[in-house]
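Residue strings, one per chain:
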Amino acid sequence: MRKIKIFDTTLRDGEQSPGASMNIGEKLMLAKQLARLGVDIIEAGFAISSIGDFEAIKTIGNEVEGPIICSLARAKEEDIKRAWEAVKNAPKKRIHTFHSTSDIHLKYQFRVSREEALKRSIEMVKLARSFVKDVEFSPMDATRTDINYLCEVVEAVIDAGASTVNIPDTVGYSIAAEFGAMIKTIRDKVKNIDKAVISVHCHNDLGLASSNSLAAVLNGAGQIECTINGIGERAGNCSMEEVVMALRTRRDIFNADTNINTEEIMKSSKLVTKITGISVQPNKAIVGANAFAHESGIHQDGLLKEKTTYEIIRPESVGLHSTKLVLGKHSGRHAFKTRLKELGYDLTSDELNNAFEQFKRLADQKKDIFDEDISALITEEVTKVPEIYSLVDLSITSGLKQKPNATVKLKVGEEVIDRMEYGDGPVDATYKAIAAITKAKSSLLKFEVKAITGGTDALGEVMVSLEEGGRSVRGHGADTDIIVASAKAYINALNKLAVSSKQRDSLS
Ligand code: KIV
Ligand code: ZN
């Protein structure tokens with residue numbers, strides 16, 4: 001049975017989804033989950049693109065054990081040196097460099113000849129190899145590249161030292177039969193192909209990214225580049241959960257599997273949604289809310305008699321379990337810590353102390369605490385940024401015959417300021433009061449409220465997206481009172497904006 005490597009690019013190509021940028025704390029939390037999931041390689045970012053990306057790759061390299069940590073780099077000297085600086089402390093590291101090869105890109109975007117592109121690719125692979133043994137090269141827009149030239153580039157970069165050659169369908173243009181045939185041609189024509197792993201990187205513009213990647217596996221690809229929930233540039237990337245479960249479910253066809261611990265799939269999917277604010281469509285394969293829901297009476301009848309009549313994947317195998325009651329008011333620190341361990345959270349002692357305090361506060365408001373409640377608390381704790389603004393108090397008045405108003409008391413640095421504002425509803429009034437105190441100039445792009453578990457005492461979770469001067473951030477807040485959760489989410493986003501304007505550090 002062949003082992004197909006899973007190269008996860010949620011933190012790099014996934015982060016290129018509109019509005020999906022993540023801070024270092026969020027990236028680290030996700031990288032730790034990717035390690036639990038068992039991915040082979042984490043593309044942790046594009047080191048030269050910003051100080052934030054550089055620091056995130058470095059931190060992940062220092063703190064995340066298991067997978068190879070990789071940085072993207074254009075085929076440019078400064079990019080490759082920066083990528084090396086970012087990954088050099090990781091126990092297992094890779095540099096992934098790329099250059100376009102299609103005539104469309106070379107002629108209109110880069111204005112270089114095929115010969116120049118080839119020469120630069122070879123030189124930059126050699127430079128990357130002078131730092132690290134594990135070098136990956138991607139001929140960008142491969143699927144619109146002349147096949148003979150593509151084979152020439154692939155052969156030359158392998159000679160220059162690339163140990164993985166990644167064939168990207170950058171614009172999601174290919175279809176499965178064609179893409180599979182392209183991989184076969186590369187295998188047949190490139191003389192030194194046995195010295196490298198063939199990887200594929202498919203975009204989903206025609207909704208074909210997963211089937212194209214699987215066609216490539218059937219034709220000899222040994223690595224799939226993908227993202228959790230398929231997030232990524234435009235229509236996204238190949239979805240990790242789809243290809244992994246297709247390989248597992250149809251081993252009879254592929255005779256191949258991955259190292260993925262599939263029971264971690266749902267948790268990874270939910271974490272990505274929580275961190276990026278990008279929800280999964282209900283009918284999304286594997287991780288959508290309806291993926292295992294059977295509505296038809298005929299199907300339900302079959303399932304009751306024998307599960308395999310209508311179920312090709314056991315829901316438990318992707319980590320879907322019925323909601324579990326875990327803790328309550330009387331649970332102590334030890335029980336809390338044990339449950340966190342079982343859920344896979346590995347917190348510092350400060351984070352643990354704060355999370356336990358939040359848990360106790362929640363247990364006073366809510367009788368039963370579920371795993372989902374704990375995950376919400378931990379996400380809030382781990383993704384926290386230094387607080388310039390913090391909520392001291394909030395009271396609202398609203399009703400059918402009353403103009404809603406909110407009085408908010410905020411700590412701003414050392415000062416406590418309060419303000420009362422009217423609004424169209426209690427959230428609007430609260431946001432107006434907060435904006436007046438903080439003199440916020442940002443605009444609200446998105447506001448989402450959801451109940452984390454069932455019941456009227458459920459923890460409400462609010463996600464907001466703010467934009468100011470071209471920068472956008474997301475804020476989260478959770479509380480049994482949704483107005484308080486809304487205030488917390490807005491303040492969290494304002495704190496993120498304040499922190500990021502302090503470190504306005506973009507290099508390019
Ligand atoms: O889609 C693409 O071509 C890429 C490359 C950088 C691999 O993301
Ligand atoms: Zn891509």
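Residues numbered from 1 in each chain as written. Chains lettered and ligands numbered in written order. Predicted model: local features only at pLDDT ≥ 70, side-chain atom pairs only at ≥ 80, totals over all residues. Heavy atoms only, no water.

Peer 1: Help me out: how do you make sense of the site of ligand 1 in this one?
Peer 2: Near ligand 1, the surroundings consist of Arg-12, Asp-13, His-96, Phe-98, Ser-138, Met-140, Asn-166, Pro-168, Thr-170, His-201 and His-203. With respect to ligand 1, the side chain of Asp-13 contributes an N or O atom lying 3.1 Å from an oxygen atom. Looking at the shell around ligand 1, the elements that each hand over two or more residues are β5 (93-100), β6 (135-140) and β7 (164-169). Classifying every residue of the shell around ligand 1 by side-chain character gives three nonpolar, six polar and two charged. (Near = heavy atom within 4 Å. Polar contact = N/O pair within 3.5 Å; in protein donor to acceptor, adjacent residues only side chain to side chain. Helix = DSSP H or I, 4+ residues; strand = E, 2+ residues; numbered from the N terminus. Nonpolar A, V, L, I, M, F, W, Y, C, P; charged D, E, K, R; others polar.)

Peer 1: Just checking my understanding: could you explain the coordination of the zinc ion (ligand 2) for this structure?
Peer 2: Around a metal, the perfect tetrahedron of four donors has angles of 109.5 degrees, and the perfect octahedron of six donors has angles of 90 or 180 degrees. In this structure, Asp-13 (OD), His-201 (NE2) and His-203 (NE2) serve as the protein donors to the zinc ion (ligand 2), at separations of 2.0 to 2.1 Å. All donors to the zinc ion (ligand 2) come from one chain, and their sequence spacing reads D-x187-H-x1-H. With respect to burial, His-201 and His-203 carry one shared label: buried. (Donors = N, O, S within 2.8 Å, 3.2 Å for Na, K, Ca; no water. Buried < 20%, exposed > 50% of the residue type's maximum accessible area, 1.4 Å probe, protein only.)

Peer 1: Mind showing me how you'd approach helix α16 (residues 426-438) here?
Peer 2: Along an α-helix, a turn takes 3.6 residues, which lines up residues three or four apart on a common side. A rise of 1.5 Å per residue sets the reference length of α16, with its 13 residues, at 18 Å; its end C-alpha atoms lie 18 Å apart and thus fit the reference within 8%. Looking only at α16, the buried set comprises Ala-429, Thr-430, Tyr-431, Ala-433, Ile-434, Ile-437 and Thr-438. Lys-439 sits one or two residues past α16 and shows a positive phi near 55 degrees. (Expected span 1.5 Å × (residues − 1).)

Peer 1: Mind showing me how you'd approach a nonpolar patch on the surface here?
Peer 2: On the surface, a nonpolar cluster with roughly 320 Å² of combined accessible area is contributed by Leu-444, Phe-447, Val-449 and Ile-482. It is strand β16 (residues 443-451) that provides the largest number of residues to the nonpolar patch, a total of three residues. Mapped onto the elements, Leu-444 comes out in strand β16. (Patch = residues over 30% accessible without salt bridge, like charges linked within 9 Å, V, L, I, M, F, W, Y side chains within 5 Å. Areas by Shrake-Rupley, 256 points an atom, 1.4 Å probe, with all protein chains shown as cover. Salt bridge = Lys/Arg side-chain N within 4 Å of Asp/Glu carboxyl O.)

Peer 1: Explain empty space enclosed by the protein to me, please; I cannot follow it from the model alone.
Peer 2: Over the atoms rolls a probe the size of a water molecule, and in doing so it shows where empty space is left. With the rule as written, the count across this model stands at one cavity of 30 Å³ or more. One number sums up the size of the largest cavity: a volume of about 110 Å³. Lining the largest cavity, in full, are Thr-273, Lys-274, Gly-277, Ser-279, Glu-448, Val-449, Lys-450, Glu-461, Val-462, Met-463 and His-476. Among the residues making up the lining of the largest cavity, the classes are represented as three nonpolar, four polar and four charged. (1 Å grid on protein atoms, 1.4 Å probe; cavity = no way out; pocket = protein on both sides within 12 Å on 5 of 7 lines; lining within 4 Å. Points joined across faces, edges and corners; volume = space filled by probe spheres on them.)

Peer 1: Sorry if this is basic, but what is going on with the packing of helix α1 (residues 24-37) against helix α11 (residues 265-276) here?
Peer 2: What describes two packed helices is the angle between their axes and the distance between those same axes. Close contact between α1 and α11 brings their axes to 10 Å; oriented N to C, the two are set at 165 degrees. Judged on the interaxial angle alone, α11 and α1 are roughly antiparallel. Regarding α1 and α11, the two cross each other, and that crossing is left-handed. Only Ile-265, Lys-267, Ser-268, Leu-271, Val-272 and Ile-275 of α11 make contact with α1, whose side of the interface consists of Glu-26, Met-29, Leu-30, Gln-33, Arg-36 and Leu-37. (Axes fitted to C-alpha atoms, helices over the stretch in contact; angles between N-to-C directions. Parallel < 35°, antiparallel > 145°, perpendicular 65-115°, else oblique. Left-handed = near helix turned anticlockwise from the far one by under 90°. Contact = heavy atoms within 4.5 Å.)

Peer 1: Help me understand the sheet that holds strand β4 (residues 68-74), please; the structure alone is not making it clear to me.
Peer 2: What holds strands together in a sheet is hydrogen bonding between their backbones, with the strands either parallel or antiparallel. The strand order around the closed barrel built from eight strands is β2-β3-β4-β5-β6-β7-β8-β9, with neighbouring strands paired in parallel fashion. In this sheet, adjacent strand axes meet at a mean angle of 25 degrees when their direction is disregarded. When strand β2 (residues 5-8) meets strand β3 (residues 41-46), the two strands line up parallel, connected through two bridges. If you follow Phe-7 over to β3, its bridge partner there is Ile-41. With respect to the sheet, helix α2 (residues 51-63) is in contact with β3 and β4, its orientation differing from that of β3 by roughly 155 degrees. (Pairing = 2+ DSSP bridges.)

Peer 1: Got a minute to help me understand the packing of aromatic side chains in this structure?
Peer 2: Within a pair of aromatic rings, the relevant descriptors are the distance that separates the centres and the angle that separates the planes. Considering all chains together, one arrives at six aromatic pairs under this definition. Lying across the ring of Phe-54, Arg-82 places its NZ or CZ 3.7 Å from the centre. (Phe/Tyr/Trp six-rings, centres within 6.5 Å; stacked < 30°, edge-to-face > 60°. Lys NZ or Arg CZ within 6 Å of the ring centre and 35° of its normal.)

Peer 1: What should I look at first to understand the side chain of Lys-274 in this one?
Peer 2: Position of Lys-274 relative to the elements: it lies in helix α11. Look past the residues within four positions of Lys-274 in its chain and what remains in contact with it is Ser-375, Ala-376, Thr-379, Glu-461 and His-476.

Peer 1: For this particular structure, what's the right way to read the pairing of strand β15 (residues 415-422)?
Peer 2: Within a regular strand, side chains alternate between the sheet's two faces. Bridging between strand β14 (residues 402-412) and β15 involves eight bridges; their strand directions are antiparallel. Among the inter-strand pairings, Lys-409 is bridged to a residue of β15, identified as Asp-418.

Peer 1: Hey, could you run me through the pattern of salt bridges in this one?
Peer 2: Between side chains of opposite charge, pairing is possible as soon as their charged atoms come close. Evaluated as defined, the whole model comprises 34 salt bridges. Here Lys-88 and Glu-85 are joined by a salt bridge, their closest N and O atoms 2.8 Å apart. Lys-88 sits in the partly exposed class, given a relative accessible area of 33%. Glu-85 sits in the partly exposed class, given a relative accessible area of 33%. With its nearest N and O atoms 3.0 Å apart, the salt bridge here joins Asp-141 to Arg-144. Residue Asp-141 is classed as buried on the basis of its relative accessible area of 0%. Connected through shared salt-bridge partners, Arg-12, Asp-13 and Glu-43 make up one network.

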